[in-house]
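Commentary on secondary and tertiary structure
Given next are the chains, with one letter for each unit.
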Amino acid sequence: MDGNGRWAERRRLPRAAGHRAGVEVLTPLLEAAGRVGVRTLTLYAFSTENWARPEDEVDTLMSLFLETAHAKVPDLNERGARLRFLGRREYLPASVLEAIQEAEELTAHNDKLDVYVALNYGGRSEIVDAVRRIVADGLLPEDVDEATFARYLYAPEVPEVDLVIRTSGELRVSNFLLWQIAYAEFYVTDTLWPDFSQEEFLQAIESFASRSRRRGGV
Ligand code: FPP
């Protein structure tokens, strides 16, 4: 959800206003996703690197997650979304952890759309955490193949990523789902996240649908 800061700066507003505007995109986006039959959507909300931002921005983001959880989870639940969170749970404030748990429990039995929120998430941390658990489980080298490894990821049930949408024109992966995006298609747009509309989401899906995915074959 990149470009919130720039969106605010262009309007001479504090960065927090950009993050707030970014939250407003979520409901229309999830509504469009449900409508076109997307089954799984992952939102990159806070990376393991985002702790390096100024303390007041980190605090604002944590408050915004809480506020967003309280404001949006009941509606998402009614729309049949199942919410799950990806990332290291340590370091997150207790209030955020509690909100995460409540959201996961409340929506656990929904089956229309799986919404994953990557929070204190890093693709490299996820791989390191998987290796740690594989070692802790005492697996032998010959026991570890790609399928076994994938079972140790944060959410092994998540299907491989089909499409990554990157807003604000950035041409990098930024530590997002490194294992899962091996064969993902990319849709990069200059649109800043708070301006990302249902129309552009559908455009991204159409772009994806028109591609030929060869996965190393011909
Ligand atoms: C990146 O824009 C955005 C973030 C680090 C935060 C995104 C989080 C939200 C919109 C809150 C959503 C909440 C939930 C629970 C899903 P940036 O600040 O890097 O923008 P810039 O690159 O223009 O500076």
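In every chain, residue numbers begin from 1 and rise along the written sequence. Selection of residues for local features in this predicted model requires a pLDDT of at least 70, selection of side-chain atom pairs for listing and counting requires 80 or more, and totals for whole chains, interfaces and linings are taken over all residues. Excluding hydrogens and water, the side-chain values take into account all heavy atoms of the structure.

A word on the overall build of the protein chain
Counted only if it meets this: The helix count covers DSSP runs of H or I at least four residues long, the strand count covers runs of E at least two residues long, and both are numbered beginning at the N terminus. We compute the radius of gyration from the C-alpha atoms alone; for a globule the expected value is 2.2 Å times N to the 0.38, where N is the number of residues. Note on exposure labels: buried denotes an accessible area under 20% of the residue type's maximum, exposed denotes more than 50%, and partly exposed covers the range between, all computed with a 1.4 Å probe on protein chains only. Throughout, a contact is declared for two residues whenever any of their heavy atoms are within 4.5 Å. In this description, accessible areas are obtained by the Shrake-Rupley approach with a 1.4 Å probe, and a residue is regarded as covered only by the protein chains that are shown. Under the convention used here, Asp and Glu are negative, Lys and Arg are positive, and both His and the chain ends fall outside the count. Throughout, a charge is located at the NZ atom of Lys, the CZ atom of Arg, the CG atom of Asp or the CD atom of Glu.
When helices and strands are counted, the protein chain shows eight helices and five strands. Against the 2.2 N^0.38 benchmark of 17 Å for 218 residues, the protein chain shows a C-alpha radius of gyration of 18 Å, consistent with a compact globule. The dimensions of the protein chain, computed from C-alpha atoms along their principal axes, are 55 × 45 × 35 Å. When the 218 residues of the protein chain are sorted by exposure, 45% land in the buried category. Within the protein chain, counting contacts between residues at least 6 apart in sequence, those at least 24 apart form 71% of the total. In the form shown here, the protein chain has an accessible surface area of approximately 12,100 Å², with 52% of it arising from carbon and sulfur atoms. Side-chain charges in the protein chain split into 26 positive and 36 negative, and the spacing between the mean points of these groups amounts to 4 Å.

Side note on helix H8 (residues 198-209)
Rules: One less than the residue count of a helix, multiplied by 1.5 Å, gives the span that helix is expected to have.
For H8, which comprises 12 residues, the first-to-last C-alpha distance of 16 Å matches the rise-based estimate of 16 Å (1.5 Å per residue) to within 8%. Buried residues along H8 sit against helix H3 (26-36), strand S1 (40-47), strand S4 (163-166) and strand S5 (185-188).

Details of the side chain of Thr 148
Condition: Pairs of N or O atoms within 3.5 Å make up the polar contacts considered here, provided that, within protein, one atom can donate a hydrogen while the other can accept it, and that residues adjacent in sequence are counted only when both atoms are side-chain atoms.
Turning to its location among the elements, Thr 148 is positioned in helix H7 (residues 146-150). Polar side-chain contacts of Thr 148 include one of 3.2 Å to the backbone oxygen of Asp 143. What Thr 148 contacts, discounting residues up to four positions off in sequence, is Leu 139 and Asp 143.

Some remarks on the sheet that holds S1
Stated formally: Any two strands are treated as partners once DSSP identifies two or more bridges connecting them. Axis definition: a line fitted to C-alpha atoms, over the contacting stretch in the case of helices. Angles run 0 to 180 degrees between N-to-C directions.
The three strands lie next to each other as S1-S3-S2, forming an open sheet whose pairing is parallel. Strands with a single pairing partner mark the edges of an open sheet, and in this sheet they are S1 and strand S2 (81-86). If you compare each strand with its neighbour and ignore which way they point, the axes differ by 20° on average. Lying on the sheet, helix H5 (residues 94-107) is in contact with S2 and strand S3 (113-121); it crosses S2 at an angle near 145°.

What about the nonpolar core?
What counts here: What makes a nonpolar core is a set of buried Ala, Val, Leu, Ile, Met, Phe, Trp, Tyr and Cys residues whose side-chain atoms join them at distances within 4.5 Å.
If you look at the biggest cluster of nonpolar residues, it comprises 35 residues, and the most contacted ones within it are Leu 41, Val 115, Leu 119 and Phe 201. At the level of elements, H3, S1, helix H4 (55-78), S2, H5 and S3 are the ones that each hand at least two residues to this core. With eight residues, H4 is the largest single contributor of residues to this core. Residues within four places of Val 115 in sequence aside, it is in contact with Leu 30, Leu 41, Leu 43, Ala 81, Arg 82, Leu 83 and Arg 84.

Structural notes on the packing of H4 against H5
Our working rule: An angle counts as roughly parallel when it lies under 35 degrees, as roughly antiparallel when it exceeds 145, as roughly perpendicular when it falls between 65 and 115, and as oblique in every other case. Each helix crossing is assigned a hand: it is left-handed if the near helix lies turned anticlockwise from the far helix by less than a right angle, otherwise right-handed if that turn is clockwise. Gly is placed with the polar residues, together with every amino acid not listed as nonpolar (Ala, Val, Leu, Ile, Met, Phe, Trp, Tyr, Cys and Pro) or charged (Asp, Glu, Lys and Arg).
For the pair H4 and H5, the least separation of the axes is 10 Å and the interaxial angle reads 10°. One finds that H4 runs roughly parallel with respect to H5. Between H4 and H5 lies a crossing whose hand is left-handed. Across the interface between the two elements, Met 62, Leu 66, Ala 69, Val 73 and Asn 77 from H4 touch Ser 95, Val 96, Ala 99, Ala 103, Leu 106 and Thr 107 from H5. Of the residues belonging to the contact of H4 with H5, the class tally is eight nonpolar, three polar and no charged.

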